[in-house]
Amino acid sequence: MMGWNRLKWFFPMLILAGAILVFILRSSVNDYILSIICFAGINIILAVSLNLTNGFTGLFSLGHPAFMAVGGYVAAILTFPVTRKAMLLPALPSWLAAQQWSLLPALILGGLCATLAAFLIGFPVLRLKGHYLAVATLGFLIILQVLITNLESFTRGPLGLNGLPLLTNLWWVYLWVVITIYVCWKVKHSSLGRSMLAIRENEMAAECLGIPLSRTRIMAFALGAFFAGVAGCLWAHLVTAITPTSFSVIMAFHLVVMVVVGGSGSITGATIAALMLTSVVEILSPLEENLGAYGISEIIISIGLLLILIYRPRGIFGTQEPAFLVKQRQRVSGEVGRSLSYQNGKGGTS
Amino acid sequence: MKRGLFGIFTILAIVGCFAIASLAAEPIKLGALYNLTGGMSSIDAPALNGAKLKAKLINEAGGLLGGRMLEVIGINTKTDQKATAIGAKKALAMGVVAGLGYGDTTFVMASAPLFQRKGVPFVTSGATHPEIPKWVGDCMFMTPFGDDDQSFAIADYTYNKLKARKVVVWTDNSMDFTKALSKFFKQRFTELGGKLILEDFFMMGDKDFSAQIARLKAASPKADAVFISAIPNEAGLTVKQIREAGLTLPIVSGDGFDTELVTTVPGPRLANDVYFSTHTYREDTRPEVVAFIKAYEKEYGRPPENAFAPLGFDAVGLIADAIKRAGTTEKSALRKALAATRGYKAVTGEISYTRPSGVPMKAVSIIGVKNAKYKVLDTWFPKQ
Amino acid sequence: MVGYIAQQLVNGLILGSMYALVAIGFTMIYGIIRLINFAHGDIVMIGAFVTLGLVISGQIPFPVIIILVILAGALMGIIIERAAFRPMRGAPQVTGFITSLAVSILLQNLGILLLTAQPRNFFCPDYLQTVFNLGSVSLRTIDLAIVVIAVVLMVFLVLLVRFTRLGMAMRATAENLKVALLMGININRIIMLAFAIGSGLAGVAGMMWGARYGQIDPLLGFVPGLKAFVAAVIGGVGSIPGAMLGGYLLGFAEVLFVGLLPPIYSSYRDAFVFIILILILLVLPTGLLGRKMEEGV
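Just so it is clear, the model here is predicted, and its values are computed rather than measured.

Another aspect to go through is the pairing of strand β6 (residues 166-172) of chain B. All names here are of chain B. Judged by how many residues are buried, β6 sits mostly within the fold: 6 of 7 residues are covered. Judged from the 7 bridges that link them, β6 and strand β7 (residues 195-202) form a sheet pairing that is parallel. Following the sheet pairing, Lys166 is matched in β7 by Lys195. Crossover handedness for the path β6 to helix α7 (residues 176-192) to β7: right-handed. The sheet contact formed by β6 and strand β8 (residues 225-229) spans 5 bridges and is parallel. What sits directly across from Val167, in β8, is Ala225.

Spelled out as structure tokens, the structure:
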């Protein structure tokens with residue numbers, strides 16, 4: 001019970017400390033560092049929300065960038081200044097051309113549209129398993145890219161929408177990082193989260209226990225998609241441009257890397273992996289610039305990734321959260337999960 | 001006491017010397033944003049080579065503004081828009097006096113507005129959409145001509161010199177550059193009185209054009225020429241496959257075809273009757289061009305890979321010229337000096353910013369390929 | 001019109017042959033150690049560059065080049081298996097997937113660093129480029145060679161897997177790795193062999209890719225790798241005949257879609273391919289010839 005008491009204060013303090021940090025950073029650091037921190041934050045939102053499907057529920061989805069694209073485009077069209085719309089998107093229906101929203105409603109609507117897309121695609125596709133699901137979600141991403149490229153009157157085709165208002169700042173990113181982590185944390189430690197973990201560990205057993213498989217799966221998928229949509233909006237209003245190739249297959253891979261390196265199912269792990277991968281790229285870039293050997297940072301990162309995977313094949317944190325963050329009661333369920341996953345051998349056939 | 005005073009003076013003197021030396025030698029930084037890995041790297045890497053070469057030549061000749069060295073910081077943005085935005089902010093945070101980069105409009109549009117916001121000039125080396133300066137603002141400068149100019153040039157040549165009246169147009173539908181090129185070509189060619197009999201499409205990265213070729217073959221009435229709007233990666237492939245299929249009609253295109261691949265991939269037997277409009281440098285005998293090619297070969301051990309190499313070279317040249325005229329690296333003075341560029345003798349032709357659109361007035365070369373040899377057939381001049 | 005369709009079918013056959021060869025390696029490796037190997041496409045790239053190196057370096061006869069390329073691909077496969085995949089055997093499947101991504105990024109960027117990103121002319125001797133006509137279908141020698149070599153290699157592989165002791169051991173391992181181990185099968189050797197054979201085939205596919213299109217670059221492996229993944233999934237991952245079938249189906253589908261529909265739909269090709277794929281999977285959740293098996297990535 002002591003732990004419980006400590007935790008009650010720990011999280012609000014953490015959030016407050018984060019807010020103070022944001023405040024200090026915004027007044028002391030240059031734009032470049034700030035933008036890296038913002039992208040790191042967006043990556044945290046993405047990795048943590050992808051964890052809902054890929055980590056908790058054991059659904060191997062590569063479709064996260066597709067939901068970002070949905071959210072990003074919806075919000076971008078809504079926030080685009082009316083005058084610029086008239087110049088760049090003359091074919092837009094007039095009711096849409098007259099809209100000029102501020103960031104928050106656009107973010108939420110973008111997220112909701114992504115959720116809707118997740119429901120539509122999820123109902124048929126989530127019956128698939130493993131890599132079959134991976135290919136199907138990848139397919140969704142590619143289909144969506146093709147559609148965006150060809151729906152010129154809404155998206156300007158391959159050129160994309162550019163010159164979006166720069167609405168995303170560190171406060172917005174921080175707010176959504178906190179919301180995402182909070183929601184995912186609550187989900188993980190709720191009965192829904194335990195249902196998800198049960199499905200991941202043993203589908204048949206979970207079904208026998210009366211866990212509604214398809215409903216739980218689609219909940220995980222749709223909730224993840226909402227945050228992906230929001231992240232897509234934040235992304236678009238930070239880069240101030242959005243094109244059909246903004247959210248690519250390669251991005252899907254990078255996100256999966258974050259989840260796995262952090263440890264499938266670990267929120268702390270995903271957060272740290274997202275931070276790590278975003279910053280390592282920037283730390284290595286001066287090396288490239290000085291040597292003039294472009295591509296070397298990718299080589300170093302991939303070798304580093306291989307080493308991490310060899311020495312920590314289950315990621316940095318496995319499915320666990322670090323001990324000091326978790327209530328006693330919650331940890332037990334985690335332990336059970338882990339021992340189960342070892343017994344199963346999880347595809348590890350050796 | 002005396003000794004102490006002497007010591008302090010010595011230290012002060014040394015520090016002072018260093019301060020003056022560092023002030024004099026403080027390099028002028030240019031941020032060169034390019035996709036050096038990933039899908040666009042074949043286009044962007046030569047441009048950075050060209051840019052670095054120009055800086056090296058300037059520095060060997062004593063630098064700018066009384067001995068300050070020009071430093072081109074190559075930033076790799078990995079064919080990724082997030083990296084592009086970060087890269088632009090990084091360059092700005094490093095205190096670059098100007099930015100340059102990119103051979104593609106999409107990436108310019110993800111970076112140049114950030115420079116515009118800070119009032120720092122950005123010179124694109126290879127993006128050719130004629131509306132870029134309008135979209136970005138007064139800090140945006142283009143090294144190349146606009147797509148309208150190059151399309152009009154080749155359309156005129158196709159109609160007047162090749163005497164083609166009916167054309168087929170192939171467009172890479174995945175890129176903005178190629179779509180714009182086709183749009184302007186169709187517009188000009190039909191204005192001249194020519195007829196478009198078939199439009200066909202492909203996507204960047206396609207390797208197999210057999211379906212398009214079959215339709216080209218079957219087109220009735222028979223086409224007099226085919227216009228292929230593609231980037232260098234598909235240029236050689238399309239020529240090879242069209243010729244292998246036994247079609248001998250003229251193939252026309254824009255600067256996307258300005259690559260060795262157009263001759264090497266089909267080989268001498270098949271690389272015939274290809275005409276493209278491009279920057280005036282290939283096979284040109286102006287002293288700037290000869291000197292550039294010689295310097296490039298000496299520096300990198302190979303001839304320039306494509307037209308983006310001299311364009312990168314010229315982008316740095318333009319900025320250096322403006323710095324010289326402005327006499328300072330202060331951003332608004334530099335911007336004004338850039339905008340006042342008249343008759344700058346670039347490798348890719350003379351550059352003057354006299355049009356209201358901000359697109360430079362540059363001559364366009366028409367190059368013909370016969371038995372895998374390039375030859376300048378015509379030079380086209382834009383109207384105001 | 002008949003001639004046109006015949007030509008398109010032949011084109012589909014050629015493209016399908018290359019997809020099938022890459023997909024086989026993909027599916028073999030998956031069948032035995034349940035690894036989705038995204039680095040497989042980059043072996044195609046390596047095969048293409050090795051071929052180019054051999055062709056440029058001198059008068060090596062064509063059949064010798066084929067054998068050398070198979071060996072080079074196989075060697076690459078073995079190296080990758082030893083260096084990257086063996087150390088993490090037994091980890092969750094998704095870890096293997098990420099490992100293969102890391103290997104793929106590594107190979108691509110090494111390629112860019114060492115060979116530059118510029119596409120290169122793939123030099124191909126003239127006797128391979130001779131065009132001849134079969135009725136209304138025009139073909140080059142190399143096109144014919146691609147189909148013949150692919151079929152020969154596939155027949156050879158099927159015979160190997162079906163009728164030799166080694167093949168039996170491979171099938172046993174794919175069936176149940178642990179039991180196979182208990183039966184005294186040298187698992188490491190079998191896995192290495194699967195990588196060697198699969199990568200060898202991918203290497204040949206690289207040679208074909210270069211020879212057919214005449215141009216190669218360090219990033220060329222991404223598309224065949226992705227398509228092979230799709231082909232293998234259509235056929236049912238783990239099934240060798242399934243991979244062949246999937247490869248040819250995908251080849252035909254891509255070519256015919258562009259060839260038979262009005263031009264403007266060309267840019268919808270990839271969307272179309274994936275829509276078909278998803279539909280196939282919804283009807284047959286384990287692909288055309290895949291067996292139902294316990295899954296969990």
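Per the stated rule, a full pass over the model turns up 31 salt bridges over all chains. Ionic pairing is found between Asp143(C) and Arg140(C), a salt bridge with its closest N-O pair at 3.1 Å. The residues Asp143(C) and Arg140(C) share a single accessibility class, namely buried. Here Asp143(C) ties to Arg212(C) by a salt bridge, and the two come within 2.8 Å at their closest N and O atoms. A residue pair is termed long-range when its members are at least 10 positions apart, and Asp143(C) in helix α5 (residues 141-163) and Arg212(C) in helix α8 (residues 187-213) qualify at 69 residues. Comparing Asp143(C) with Arg212(C), the two get one shared label, buried. When salt bridges with common partners are traced through the structure, they connect Asp208(B), Lys240(B), Glu244(B), Arg140(C), Asp143(C) and Arg212(C) into a single cluster.

Turning our attention to the nonpolar core. In this structure, Phe67(A), Leu100(B), Trp170(B), Ile242(B), Phe257(B) and Phe97(C) are the most contacted members of the largest nonpolar core, which totals 330 residues. Per-element accounting of this core gives the leading share, 16 residues, to helix α12 (residues 213-239) of chain A. Summarising the domain contributions, this core has at least three residues from each of domain 1 (26-145 + 285-362) and domain 2 (148-283 + 365-380) of chain B. Discounting residues that sit within four places of it in the chain, Phe257(B) has contacts with Ile228(B), Ala230(B), Ala235(B), Thr238(B), Val239(B), Ile251(B), Val262(B), Val274(B) and Phe276(B). Val289(B), Tyr296(B), Ala307(B) and Phe313(B) belong to the second-largest nonpolar core, a separate cluster that totals 10 residues.

All names here are of chain B. Spatial ordering of the open sheet is given by β7-β6-β8-β9-β10-β13-β14, a layout of 7 strands whose pairing is mixed. Single-partner strands in this sheet number two, and they are β7 and β14 (373-380). On average, each strand axis in the sheet is tilted by 25° relative to the strand beside it, whichever way the strands run. In the packing of α7 onto the sheet, the strands contacted are β6, β7, β8, β9 (251-253) and β14, and the crossing angle to β6 comes to about 165°.

Turning our attention to the interface of chain A and chain C. Across the boundary between the two partners, chain A contributes 47 residues, which contact 52 residues of chain C. Interface area for chain A against chain C, summed over the two sides, is near 4400 Å², with a carbon-plus-sulfur share of 78%. Interface area lost by chain A to chain C is led by His131(A), Tyr132(A) and Val135(A), which between them contribute 15%. Linking chain A with chain C are 0 salt bridges, by the criterion used here.

Attention now moves to the packing of helix α7 (residues 130-150) of chain A against helix α11 (residues 269-283) of chain C. With their axes 8 Å apart at the nearest point, α7(A) and α11(C) run at an angle of 150° to one another. Here α7(A) is positioned roughly antiparallel relative to α11(C), judged by the angle of their axes. In this structure, the crossing between α7(A) and α11(C) has a hand that is left-handed. On α11(C), the residues touching Tyr132(A), Val135(A), Ala136(A), Gly139(A), Phe140(A), Ile142(A), Ile143(A) and Val146(A) of α7(A) are Asp270(C), Ala271(C), Phe274(C), Ile275(C), Leu277(C), Ile278(C) and Leu281(C).

Below, the discussion takes up the interface of chain A and chain B. Facing 37 residues of chain A, the contacting portion of chain B comprises 30 residues. A combined buried area of about 2800 Å² lies between chain A and chain B, and 58% of that area is made up of carbon and sulfur atoms. Between chain A and chain B we count 8 residue pairs in polar contact (both at pLDDT 80 or more) in total. Of all the secondary-structure elements, those providing two or more residues to the side of chain A that touches chain B are α2 (31-57), α4 (82-88), α7, α12, α14 (267-291) and α15 (296-311) of chain A.

Conventions we followed
- Residues numbered from 1 in each chain as written.
- Chains lettered and ligands numbered in written order.
- Predicted model: local features only at pLDDT ≥ 70, side-chain atom pairs only at ≥ 80, totals over all residues.
- Heavy atoms only, no water.
- Buried < 20%, exposed > 50% of the residue type's maximum accessible area, 1.4 Å probe, protein only.
- Helix = DSSP H or I, 4+ residues; strand = E, 2+ residues; numbered from the N terminus.
- Pairing = 2+ DSSP bridges.
- Right-handed = clockwise from strand over helix to strand, strands pointing away.
- Salt bridge = Lys/Arg side-chain N within 4 Å of Asp/Glu carboxyl O.
- Core = buried A, V, L, I, M, F, W, Y, C linked by side-chain atoms within 4.5 Å.
- Domains from an automatic or database assignment.
- Contact = heavy atoms within 4.5 Å.
- Axes fitted to C-alpha atoms, helices over the stretch in contact; angles between N-to-C directions.
- Buried area = accessible area lost by both parts, 1.4 Å probe.
- Parallel < 35°, antiparallel > 145°, perpendicular 65-115°, else oblique.
- Left-handed = near helix turned anticlockwise from the far one by under 90°.
- Polar contact = N/O pair within 3.5 Å; in protein donor to acceptor, adjacent residues only side chain to side chain.

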